[in-house]
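# Fold and contact review
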Amino acid sequence: MYRLNVKKLGFAFGLTGALIYLGCMIVMSTAGREATIDFFNSLLHGLDTTSIIRMDVPLWEAGLGIVQTFILGWLIGACIAAFYNAQIKKQ
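All residue numbers here refer to positions counted from 1 along the written sequence of the relevant chain. Per-residue local features are limited, in this predicted model, to residues with pLDDT of at least 70; the limit for side-chain atom pairs, both in listing and counting, is 80 or more; totals at the level of whole chains, interfaces and linings are taken over all residues. Only heavy atoms go into the side-chain values, all of them from the structure, while hydrogens and water stay out.

Looking at an unreviewed UniProt entry, one finds the protein named DUF4199 domain-containing protein, with Leeuwenhoekiella nanhaiensis as its source organism.

## Description of the packing of aromatic side chains
Aromatic ring pairs are reported here in terms of the distance separating the ring centres and the angle at which the planes meet. Stacked, tilted and edge-to-face are the three classes applied to pairs of Phe, Tyr and Trp rings, where Trp contributes its six-membered ring and a pair requires centres within 6.5 Å; stacked means planes under 30 degrees apart, edge-to-face means over 60, and tilted covers the rest. Scanning the model with the defined rule gives two aromatic pairs in all. Here Phe-11 and Phe-70 contribute two aromatic rings whose centre-to-centre distance is 5.8 Å and whose plane-to-plane angle is 75°, an arrangement assigned as edge-to-face. With Phe-11 in helix 1 (residues 6-31) and Phe-70 in helix 3 (residues 59-87), the pair connects residues that are 59 residues apart, well separated along the chain. Exposure categories follow from relative accessible area, calculated using a 1.4 Å probe and restricted to protein chains: below 20% of the type maximum is buried, above 50% is exposed, and the middle band is partly exposed. The class of Phe-11 is partly exposed, set by a relative accessible area of 44%. Here Phe-39 and Phe-40 contribute two aromatic rings whose centre-to-centre distance is 5.0 Å and whose plane-to-plane angle is 80°, an arrangement assigned as edge-to-face. Given a relative accessible area of 13%, Phe-40 falls into the buried group. Starting at the N terminus, helices and strands are each numbered in turn, a helix being any DSSP run of H or I of at least four residues and a strand any DSSP run of E of at least two.

Right under this line is the structure:
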């Protein structure tokens, strides 16, 4: 059975999460408040995001958010790989 590389899968998950976060930042900075609300309402199956959308996010907070998202994604991917590898029978 093929074993997953824990660090590489963690990095892939982290980078994917960071790219999604970056996409969110781009939508918010280019679309405006109403279009951003419409976008996230449709993405979240009709959940009303009007009261939780905050458009005045400082750059340092967005930077911290993308780093935190990468770290959490890395940890999730690494755990998935480790759990998967633990289930493989050693030969």
